[in-house]
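So you can see what is in the structure, the chains are spelled out below.
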Amino acid sequence: SLTSTKPFHKKGLKNNFSDQGISIYPNPAKNSITIKSTIKRSSSIIKIYNTLGQDVFTSNLSSDRATIDISSLSTGVYIVTISDGENLMRSKFIKE
């Protein structure tokens with residue numbers, strides 16, 4: 001099981017949480033991942049955390065799809081979160 005030392009919920013976020021609204025492919029991945037989200041707000045933030053809860057990537061999500069270069073990440077399991085200030089979605093992927 002994955003544990004995190006960093007909370008995923010921030011002050012002000014409602015308790016709307018889902019892993020159904022994110023698709024990540026390919027999974028497992030080597031060089032890049034494409035993330036598709038049902039969140040459509042332009043103010044959405046995407047973050048990638050390692051299994052220690054460390055934030056290894058942060059970016060604004062300006063559309064419902066983003067391609068992210070993960071070639072510099074170490075091999076392992078990563079957690080992706082997307083937040084629009086009201087909703088928080090989380091999923092995970094494996095970096096080969």
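Now for a description of the structure that goes with this document.

Criteria and thresholds
Starting afresh in each chain, residues are numbered from 1 along the sequence in its written order. Given that this is a predicted model, residues contribute local features only at a pLDDT of at least 70 and side-chain atom pairs are listed and counted only at 80 or more, while totals for whole chains, interfaces and linings are drawn from all residues. By convention in this description, side-chain values take in all heavy atoms of the structure and omit both hydrogens and water. Under the scheme used here, helices are H or I runs from DSSP no shorter than 4 residues and strands are E runs no shorter than 2 residues, and both carry numbers assigned from the N terminus. Burial classes follow relative accessibility: with a 1.4 Å probe on protein chains only, a residue under 20% of its type's maximum area counts as buried, one over 50% as exposed, and anything between as partly exposed. Whether two residues touch is decided by their heavy atoms; if any such pair falls within 4.5 Å, the residues are in contact. To measure how exposed things are, a 1.4 Å probe is used in the Shrake-Rupley method; for residues, cover is taken only from the protein chains shown. Salt bridge criterion: a side-chain nitrogen from Lys or Arg within 4 Å of a carboxyl oxygen from Asp or Glu.

Glancing now at the overall build of the protein. Scanning the protein for helices and strands turns up zero helices and eight strands. Going residue by residue from the N terminus, the α and β elements of the protein occur as β-β-β-β-β-β-β-β. In the protein, which comprises 96 residues, the share counted as buried stands at 35%. Across the protein, the fraction of contacts at a sequence separation of at least 24, relative to all contacts at a separation of at least 6, is 62%. Per element, the accessible surface of the protein, about 5,700 Å² overall, is 48% carbon and sulfur.

Looking at where G53 falls in the secondary structure, it is placed in the loop between β4 (44-49) and β5 (55-61). Residue class for G53 comes out buried when judged on its relative accessible area of 4%. On a C-alpha basis, the gap between G53 and Y78 in space is 9.2 Å, while along the polypeptide they are 25 residues apart.

All right, on to unusual backbone geometry then. Residues other than glycine predominantly adopt negative phi, and peptide bonds predominantly adopt the trans conformation. Residue P26 follows Y25 across a cis peptide bond; omega there is -10 degrees. Topologically, P26 is positioned in the loop between β2 (22-25) and β3 (32-37). The amide bond that connects N27 to the next residue, P28, takes the cis arrangement and shows omega of 10 degrees. Considering the arrangement of structural elements, one finds P28 in the loop between β2 and β3.

This part takes up the pattern of salt bridges. Counted according to the given criterion, the structure contains one salt bridge. Close ionic contact of D55 with K47 constitutes a salt bridge, the shortest N to O distance being 3.5 Å. What makes D55 partly exposed here is its relative accessible area of 30%.

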